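Okay, here's what each chain looks like letter by letter:
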Amino acid sequence: MKPTLHKLKQNSGTSTTSGLSTIWLNGEGCPVGTVPIKRIDKEDLIRQRHIPPPEDITFDVQLAVVAIARTQNDPNNKFGGATMAASLRNPHVEGQQHSACRLKIQKGSDIVQVGWRVDPTLYRDTKTRLFIYFQAGNIHCFNILCPGFVLVNTKIPIDKDLVSGNWWLLLEENYTQIGFWPQRIFTDLKSFATNVEWGGVVYSSSSVPGPPMGSRLFSIGNKGHETYCRKITVINDKGETIDEDKTTAYADNPNLYKVVDIPHWQAIKRQHFVLYGGPGENRQV
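Residues numbered from 1 in each chain as written. Predicted model: local features only at pLDDT ≥ 70, side-chain atom pairs only at ≥ 80, totals over all residues. Heavy atoms only, no water.

Caption draft 1: Spotlight on the side chain of Asp 125. On the secondary structure map, Asp 125 appears in the loop between α3 (120–123) and β5 (129–136). Beyond its immediate sequence surroundings of up to four residues, Asp 125 is in contact with Asp 119 and Pro 120. (Helix = DSSP H or I, 4+ residues; strand = E, 2+ residues; numbered from the N terminus. Contact = heavy atoms within 4.5 Å.)

Here it is in C-alpha coordinates:
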(Lines give C-alpha, C1' and ligand atoms only; values in the text may rest on other atoms or scores of the structure.)
Protein backbone atom coordinates (compact mmCIF):
# COMPACT_ATOMS: atom_id res chain seq x y z
CA MET A 1 0.00 0.00 0.00
CA LYS A 2 1.22 3.51 -0.77
CA PRO A 3 0.15 6.23 1.65
CA THR A 4 -0.59 9.73 0.44
CA LEU A 5 2.11 11.58 2.37
CA HIS A 6 3.66 13.79 -0.33
CA LYS A 7 2.57 17.03 1.31
CA LEU A 8 3.97 15.87 4.64
CA LYS A 9 7.37 15.18 3.13
CA GLN A 10 7.53 18.52 1.39
CA ASN A 11 6.70 20.49 4.52
CA SER A 12 8.65 18.52 7.09
CA GLY A 13 12.31 18.82 7.96
CA THR A 14 12.27 16.65 11.08
CA SER A 15 13.04 13.04 11.82
CA THR A 16 13.43 10.44 14.49
CA THR A 17 16.99 9.93 15.65
CA SER A 18 18.92 7.46 13.50
CA GLY A 19 19.87 5.65 16.68
CA LEU A 20 16.47 3.97 16.65
CA SER A 21 17.62 1.79 13.76
CA THR A 22 20.08 0.14 16.13
CA ILE A 23 17.21 -1.25 18.20
CA TRP A 24 15.21 -2.42 15.19
CA LEU A 25 16.35 -5.79 13.82
CA ASN A 26 19.94 -5.01 14.83
CA GLY A 27 20.06 -2.53 11.95
CA GLU A 28 19.40 -5.23 9.36
CA GLY A 29 16.45 -5.96 7.12
CA CYS A 30 14.70 -9.01 5.68
CA PRO A 31 14.90 -10.53 2.19
CA VAL A 32 13.06 -8.72 -0.59
CA GLY A 33 9.34 -9.38 -0.54
CA THR A 34 9.21 -10.34 3.15
CA VAL A 35 8.60 -8.58 6.46
CA PRO A 36 9.82 -9.55 9.95
CA ILE A 37 7.05 -11.34 11.84
CA LYS A 38 7.85 -12.54 15.35
CA ARG A 39 6.81 -16.13 16.01
CA ILE A 40 4.24 -15.88 18.80
CA ASP A 41 4.46 -18.83 21.18
CA LYS A 42 2.51 -19.90 24.24
CA GLU A 43 4.87 -18.05 26.57
CA ASP A 44 4.29 -14.81 24.65
CA LEU A 45 0.54 -15.17 25.10
CA ILE A 46 0.94 -15.88 28.81
CA ARG A 47 3.24 -12.89 29.29
CA GLN A 48 0.90 -10.63 27.35
CA ARG A 49 -1.78 -11.21 29.98
CA HIS A 50 0.62 -9.82 32.60
CA ILE A 51 1.86 -6.79 30.67
CA PRO A 52 0.38 -3.64 32.20
CA PRO A 53 -0.87 -1.14 29.61
CA PRO A 54 0.88 2.26 29.39
CA GLU A 55 -2.33 3.73 30.76
CA ASP A 56 -5.16 2.12 32.69
CA ILE A 57 -7.68 1.30 29.97
CA THR A 58 -10.60 1.90 32.34
CA PHE A 59 -9.22 5.38 33.13
CA ASP A 60 -10.11 4.78 36.81
CA VAL A 61 -6.56 4.42 38.12
CA GLN A 62 -3.37 5.75 36.56
CA LEU A 63 -0.79 2.97 36.90
CA ALA A 64 2.04 4.63 34.99
CA VAL A 65 4.06 7.66 36.15
CA VAL A 66 5.03 10.20 33.50
CA ALA A 67 7.33 13.20 33.02
CA ILE A 68 6.18 14.73 29.74
CA ALA A 69 5.50 17.78 27.63
CA ARG A 70 2.05 17.83 26.08
CA THR A 71 -0.08 19.93 23.79
CA GLN A 72 -2.69 22.21 25.27
CA ASN A 73 -5.90 20.49 26.29
CA ASP A 74 -8.30 21.63 23.59
CA PRO A 75 -11.05 19.39 22.17
CA ASN A 76 -10.89 21.43 18.97
CA ASN A 77 -7.28 20.42 18.26
CA LYS A 78 -6.81 18.58 14.96
CA PHE A 79 -3.49 16.76 14.79
CA GLY A 80 -2.68 14.46 11.89
CA GLY A 81 0.54 13.24 13.52
CA ALA A 82 3.72 14.24 15.35
CA THR A 83 7.49 13.78 15.26
CA MET A 84 10.43 13.59 17.65
CA ALA A 85 14.08 12.58 17.83
CA ALA A 86 14.90 10.76 21.08
CA SER A 87 18.09 9.97 22.97
CA LEU A 88 18.54 6.33 23.96
CA ARG A 89 19.13 5.15 27.52
CA ASN A 90 19.11 1.83 29.39
CA PRO A 91 17.64 2.44 32.86
CA HIS A 92 17.76 -0.42 35.36
CA VAL A 93 14.44 -2.23 35.87
CA GLU A 94 13.44 -5.44 37.61
CA GLY A 95 10.50 -7.83 37.49
CA GLN A 96 7.37 -6.22 36.09
CA GLN A 97 8.84 -2.71 36.14
CA HIS A 98 9.35 -0.87 32.89
CA SER A 99 10.90 2.45 31.88
CA ALA A 100 10.37 4.08 28.51
CA CYS A 101 10.42 7.11 26.24
CA ARG A 102 7.35 7.65 24.13
CA LEU A 103 5.59 9.74 21.56
CA LYS A 104 1.87 9.43 22.26
CA ILE A 105 -1.06 10.52 20.07
CA GLN A 106 -4.55 10.37 21.50
CA LYS A 107 -8.19 11.21 21.08
CA GLY A 108 -10.65 10.00 23.68
CA SER A 109 -9.97 6.36 24.52
CA ASP A 110 -7.95 5.74 21.33
CA ILE A 111 -4.14 5.93 21.54
CA VAL A 112 -1.08 5.13 19.45
CA GLN A 113 2.45 5.21 20.85
CA VAL A 114 6.01 4.64 19.68
CA GLY A 115 9.39 4.90 21.39
CA TRP A 116 12.02 2.89 23.21
CA ARG A 117 11.39 0.71 26.21
CA VAL A 118 13.18 -1.43 28.82
CA ASP A 119 10.63 -4.04 29.80
CA PRO A 120 11.52 -7.59 30.97
CA THR A 121 7.87 -8.67 30.88
CA LEU A 122 7.45 -7.66 27.25
CA TYR A 123 10.89 -8.56 25.87
CA ARG A 124 12.26 -11.21 28.29
CA ASP A 125 15.42 -9.12 28.83
CA THR A 126 16.53 -5.69 30.07
CA LYS A 127 17.82 -4.32 26.76
CA THR A 128 16.58 -1.05 25.29
CA ARG A 129 14.19 -1.94 22.49
CA LEU A 130 11.79 -0.28 20.10
CA PHE A 131 8.11 -0.57 20.98
CA ILE A 132 4.81 0.33 19.39
CA TYR A 133 1.42 0.26 21.03
CA PHE A 134 -2.21 0.96 20.27
CA GLN A 135 -5.32 1.26 22.36
CA ALA A 136 -8.73 1.23 20.70
CA GLY A 137 -11.45 1.53 23.29
CA ASN A 138 -10.95 -1.40 25.69
CA ILE A 139 -8.57 -3.24 23.31
CA HIS A 140 -4.85 -2.65 23.76
CA CYS A 141 -1.77 -4.32 22.34
CA PHE A 142 2.02 -3.96 22.22
CA ASN A 143 3.97 -4.49 19.00
CA ILE A 144 2.36 -7.27 16.94
CA LEU A 145 1.24 -9.51 19.80
CA CYS A 146 -2.32 -9.15 18.50
CA PRO A 147 -3.94 -8.10 15.21
CA GLY A 148 -3.95 -4.37 14.59
CA PHE A 149 -0.65 -3.00 13.30
CA VAL A 150 0.03 -3.83 9.64
CA LEU A 151 3.76 -4.27 8.98
CA VAL A 152 4.83 -3.33 5.44
CA ASN A 153 8.58 -2.76 5.60
CA THR A 154 11.66 -4.80 6.45
CA LYS A 155 13.91 -2.23 7.70
CA ILE A 156 9.81 5.25 13.00
CA PRO A 157 7.46 9.89 13.69
CA ILE A 158 3.78 8.89 13.52
CA ASP A 159 1.39 10.49 11.06
CA LYS A 160 -2.00 10.06 9.51
CA ASP A 161 -2.74 9.28 5.87
CA LEU A 162 -5.24 12.04 5.11
CA VAL A 163 -6.78 10.01 2.30
CA SER A 164 -7.28 6.59 3.91
CA GLY A 165 -7.33 7.69 7.55
CA ASN A 166 -4.66 5.12 8.49
CA TRP A 167 -2.02 6.09 11.06
CA TRP A 168 1.44 5.45 9.60
CA LEU A 169 4.69 4.75 11.42
CA LEU A 170 7.74 6.26 9.66
CA LEU A 171 11.47 6.20 10.47
CA GLU A 172 14.36 8.60 9.96
CA GLU A 173 14.88 11.47 7.53
CA ASN A 174 13.75 9.59 4.45
CA TYR A 175 10.43 8.65 6.11
CA THR A 176 10.83 4.92 5.62
CA GLN A 177 7.40 3.28 5.86
CA ILE A 178 7.31 0.70 8.66
CA GLY A 179 3.60 0.00 8.83
CA PHE A 180 0.27 1.42 9.90
CA TRP A 181 -2.66 1.14 12.27
CA PRO A 182 -5.79 0.87 10.07
CA GLN A 183 -8.50 3.46 10.60
CA ARG A 184 -11.09 0.70 11.00
CA ILE A 185 -9.73 -0.47 14.39
CA PHE A 186 -10.42 2.91 16.01
CA THR A 187 -13.48 4.89 17.03
CA ASP A 188 -12.16 8.27 18.19
CA LEU A 189 -8.99 8.19 16.06
CA LYS A 190 -10.98 7.64 12.90
CA SER A 191 -10.67 11.42 12.76
CA PHE A 192 -7.81 13.66 13.89
CA ALA A 193 -6.11 13.46 17.28
CA THR A 194 -6.59 16.11 19.94
CA ASN A 195 -3.61 15.41 22.22
CA VAL A 196 0.10 14.69 21.75
CA GLU A 197 2.71 13.89 24.43
CA TRP A 198 6.50 13.53 24.40
CA GLY A 199 8.66 12.27 27.27
CA GLY A 200 9.27 9.52 29.79
CA VAL A 201 7.07 6.97 31.51
CA VAL A 202 7.77 4.33 34.17
CA TYR A 203 5.73 1.61 35.83
CA SER A 204 5.92 -0.55 38.91
CA SER A 205 3.27 -2.26 41.00
CA SER A 206 2.15 -0.53 44.18
CA SER A 207 4.34 -2.76 46.36
CA VAL A 208 7.55 -2.21 44.34
CA PRO A 209 9.77 0.93 44.32
CA GLY A 210 9.56 3.03 41.17
CA PRO A 211 12.36 2.41 38.62
CA PRO A 212 14.68 5.10 37.24
CA MET A 213 13.65 7.11 34.19
CA GLY A 214 16.00 8.04 31.36
CA SER A 215 19.58 8.59 32.55
CA ARG A 216 18.46 8.48 36.23
CA LEU A 217 19.40 12.16 36.48
CA PHE A 218 17.10 15.09 36.96
CA SER A 219 16.96 17.39 33.93
CA ILE A 220 19.28 20.17 35.06
CA GLY A 221 20.48 21.43 31.70
CA ASN A 222 23.62 19.29 31.50
CA LYS A 223 23.25 18.36 27.84
CA GLY A 224 25.84 15.60 28.05
CA HIS A 225 23.96 13.56 30.63
CA GLU A 226 20.27 14.32 30.40
CA THR A 227 17.69 12.37 28.41
CA TYR A 228 15.71 14.24 25.80
CA CYS A 229 13.13 14.33 23.06
CA ARG A 230 13.93 17.02 20.49
CA LYS A 231 12.63 18.31 17.15
CA ILE A 232 9.17 18.38 18.67
CA THR A 233 6.61 19.03 15.94
CA VAL A 234 2.99 18.22 15.12
CA ILE A 235 1.21 17.71 11.82
CA ASN A 236 -1.93 19.76 11.28
CA ASP A 237 -5.16 18.78 9.55
CA LYS A 238 -3.70 19.85 6.18
CA GLY A 239 -0.74 17.49 6.46
CA GLU A 240 1.72 20.32 7.19
CA THR A 241 4.45 19.86 9.80
CA ILE A 242 4.58 22.80 12.19
CA ASP A 243 6.49 23.69 15.35
CA GLU A 244 4.38 23.12 18.44
CA ASP A 245 5.41 25.75 20.98
CA LYS A 246 2.20 25.79 23.01
CA THR A 247 3.13 22.85 25.20
CA THR A 248 3.11 22.40 28.96
CA ALA A 249 5.39 20.31 31.14
CA TYR A 250 3.88 17.83 33.57
CA ALA A 251 5.29 15.27 36.03
CA ASP A 252 3.17 12.92 38.14
CA ASN A 253 5.78 12.75 40.91
CA PRO A 254 8.31 15.63 40.66
CA ASN A 255 10.15 14.33 43.73
CA LEU A 256 11.22 11.27 41.73
CA TYR A 257 11.04 12.42 38.09
CA LYS A 258 11.35 15.87 36.54
CA VAL A 259 10.74 17.36 33.10
CA VAL A 260 11.89 20.62 31.49
CA ASP A 261 10.18 21.92 28.35
CA ILE A 262 12.34 24.23 26.19
CA PRO A 263 10.50 25.42 23.04
CA HIS A 264 13.61 27.00 21.44
CA TRP A 265 16.94 25.56 22.50
CA GLN A 266 19.50 28.36 21.97
CA ALA A 267 17.01 30.01 19.58
CA ILE A 268 17.63 27.33 16.94
CA LYS A 269 14.66 26.72 14.67
CA ARG A 270 12.96 23.34 15.13
CA GLN A 271 15.03 22.55 18.22
CA HIS A 272 12.27 22.11 20.76
CA PHE A 273 13.75 20.05 23.61
CA VAL A 274 11.93 18.07 26.27
CA LEU A 275 14.41 17.05 28.99
CA TYR A 276 13.25 14.42 31.46
CA GLY A 277 14.45 11.81 33.91
CA GLY A 278 14.92 10.88 37.53
CA PRO A 279 16.31 8.25 39.92
CA GLY A 280 12.97 6.78 41.00
CA GLU A 281 13.03 4.68 44.15
CA ASN A 282 15.21 1.74 43.04
CA ARG A 283 18.04 1.08 45.43
CA GLN A 284 20.36 -0.28 42.74
CA VAL A 285 22.12 2.28 40.53
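Now that the structure has been shown, the text picks up again.
Caption draft 2: Molecular detail of the environment of Ser 109. With respect to the helices, strands and loops of the structure, Ser 109 is situated in the loop between β3 (98–107) and β4 (110–118). Assessed through its relative accessible area of 24%, Ser 109 is described here as partly exposed. Along the backbone, Ser 109 and Gly 137 are 28 residues apart, and their C-alpha atoms lie at a distance of 5.2 Å. (Buried < 20%, exposed > 50% of the residue type's maximum accessible area, 1.4 Å probe, protein only.)

Caption draft 3: A look at the sheet that holds strand β6 (residues 139–142). With antiparallel pairing, seven strands are arranged side by side in an open sheet as β6-β5-β4-β3-β11-β1-β14. A single partner strand is all that each edge strand has here, and the edge strands are β6 and β14 (247–251). On average, each strand axis in the sheet is tilted by 15° relative to the strand beside it, whichever way the strands run. Two elements, β3 and strand β11 (residues 195–203), share nine bridges in a ladder whose sense is antiparallel. Residue Ala 100 lies in a different strand from β11, and its bridge partner there is Val 201. (Pairing = 2+ DSSP bridges. Axes fitted to C-alpha atoms, helices over the stretch in contact; angles between N-to-C directions.)

Caption draft 4: The arrangement of the environment of Val 118 in detail. Relative to the elements of secondary structure, Val 118 occurs in strand β4. Looking at Val 118, the relative accessible area reads 0%, which means it is buried. Sequence spacing of Val 118 and Gln 97 is 21 residues, and the spatial spacing of their C-alpha atoms is 8.6 Å. The residues touching Val 118, leaving out its near neighbours within four places in the chain, are Arg 89, Asn 90, Pro 91, Val 93, Gln 97, His 98, Ser 99, Thr 126, Lys 127 and Thr 128.

Caption draft 5: Representation of the pairing of strand β12 (residues 227–235). Burial analysis of β12 places seven of its nine residues in the buried class, which makes it a mostly covered element. Bridging between strand β2 (residues 81–86) and β12 involves five bridges; their strand directions are antiparallel. Counted as the bridge partner of Thr 83 is Thr 233 from β12. Pairing between β12 and strand β13 (residues 241–243): three bridges, direction antiparallel. Residue pairing across strands places Thr 233 opposite Asp 243, the latter belonging to β13.

Caption draft 6: Region of interest: the environment of Trp 167. As for its placement among the helices and strands, Trp 167 is situated in strand β9 (residues 167–171). Judged by relative accessible area, which is 0%, Trp 167 ranks as buried. Put simply, Trp 167 and Lys 190 are 23 residues apart on the chain and 9.3 Å apart in space, counted from C-alpha to C-alpha.

Caption draft 7: A look at the state of the cysteines. The tally for this structure, following the rule as stated, stands at one disulfide. Between the sulfur atoms of Cys 141 and its disulfide mate Cys 146 the distance is 2.3 Å. Here Cys 141 and Cys 146 have matching classes, each one buried. We note that Cys 101 lacks a disulfide partner, and the nearest cysteine sulfur, in Cys 229, lies 3.6 Å from it. (Disulfide = S-S within 2.5 Å.)

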